[in-house]
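# Per-entry structural report
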Amino acid sequence: MHRSAPRLTRILACAAVPVMLVVAGCSSDSDSKGSGSDGGSSTSSETSSPGGEQSPPALEPAKYAKLPEPCKALTSKTVEELVPKVKNKSGTAGTSNDTGARGSCSWNGLEDKGVKGSNYRWLDVSFQRFESESGIGSGEDRAGDAYKKEVAAVRATEKAESVNSSPASGVGEDATAVSYGLTKSGEDFKYATIVARTGNVVVTVGYNGTGFAGAKNPDPSQLMKDAVTAAKEAVASVAKANQVS
């Protein structure tokens, strides 16, 4: 028997909380470091100060000058395969006060199989871009620091159970896969997150789901495999967005 609509609504509403908290935490980190496309690139040439001392050597310009549109970072085919009965195929864009520095998009869907239960899936992707800034560091170094903090934040997800992490090969220049479980309102949700760095951009893909009313929970290994597929597309979209036409 299916749960009542109010109860199911409460469960679905909280399903994505850990992922969104991670994204919010990353945005805060980016803001604190002055990340973004605010014209603050530190590519000034080496000059002498009034006292005759040499200024620091110029930093290399950041590799990527812009981000892809988050809701177009994944193909429609991938979204529909990973999120059956997706509610909004176009995705729901996250809010950002600087789309050149950060952006995100999410999709969710509930596949009702009648007496066999229902399958719920949530998928999201987020991007953070860093400029080279004098006195702070190159875009790649700053992205490297943010990447490590993002991985640590995912691993520290509140009330996460059976947390496992390992390198994710073939995804950007650095990538870590983190899997865990969460119990919400009596339901067991499975999570797979990929955090990757490509140049001066950090890409995070979160994928989670559960089975309702007798439906099986998603297989963790398959969930992670699908998350890697989405992450590879998201990383590729960064390079594509910066191609010179």
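Residues numbered from 1 in each chain as written. Predicted model: local features only at pLDDT ≥ 70, side-chain atom pairs only at ≥ 80, totals over all residues. Heavy atoms only, no water.

Turning our attention to the nonpolar core. Trp107, Leu123, Phe127, Val171, Ile194 and Val203 are the most contacted members of the largest nonpolar core, which totals 33 residues. Only α3 (76-82), β2 (102-112), β3 (118-129), β5 (174-184), β6 (187-198), β7 (201-212) and α5 (220-241) provide two or more residues apiece to this core. When residues in this core are grouped by element, the largest group, 9 residues, is from α5. If we skip the residues at most four places from it in the chain, valine 171 touches Ile194, Ala196, Val228, Ala231, Lys232 and Val235. Formed by 16 residues, the second largest nonpolar core is a distinct cluster that contains Val151, Val178, Tyr180 and Phe189. (Core = buried A, V, L, I, M, F, W, Y, C linked by side-chain atoms within 4.5 Å. Buried < 20%, exposed > 50% of the residue type's maximum accessible area, 1.4 Å probe, protein only. Helix = DSSP H or I, 4+ residues; strand = E, 2+ residues; numbered from the N terminus. Contact = heavy atoms within 4.5 Å.)

A complete count under the given rule lists 1 disulfide for this structure. Here cysteine 71 connects covalently by a disulfide to cysteine 105, the sulfurs 2.0 Å from one another. One quick way to see it: the torsion about the S-S bond of cysteine 71 and cysteine 105 is about 95°, and its sign makes the bridge right-handed. Of this pair, cysteine 71 sits in the loop between α2 (17-33) and α3 while cysteine 105 is found in strand β2, placing the two residues 34 residues apart along the sequence. Its relative accessible area of 2% is what places cysteine 105 among the buried residues. (Disulfide = S-S within 2.5 Å.)

Right, let's get into the sheet that holds β6. Where strands meet in a sheet, backbone hydrogen bonds hold them as pairs that are either parallel or antiparallel. In spatial order, the strands read β1-β2-β3-β7-β6-β5-β4; together these 7 strands make up an open sheet with antiparallel pairing. Every other strand in the sheet has two partners, leaving β1 (92-93) and β4 (161-167) as the edge strands with one partner each. Bridge analysis of β5 against β6 gives 11 bridges, and the strand direction is antiparallel. For threonine 183, the partnering residue across the bridge sits in β6 and is aspartate 188. Across the sheet, helix α4 (residues 139-155) lies against β4, β5, β6 and β7, angled at about 170° from β6, the strand it touches most. Running at roughly 30° to β6, α5 makes contact with β3, β5, β6 and β7 of the sheet. (Pairing = 2+ DSSP bridges. Axes fitted to C-alpha atoms, helices over the stretch in contact; angles between N-to-C directions.)

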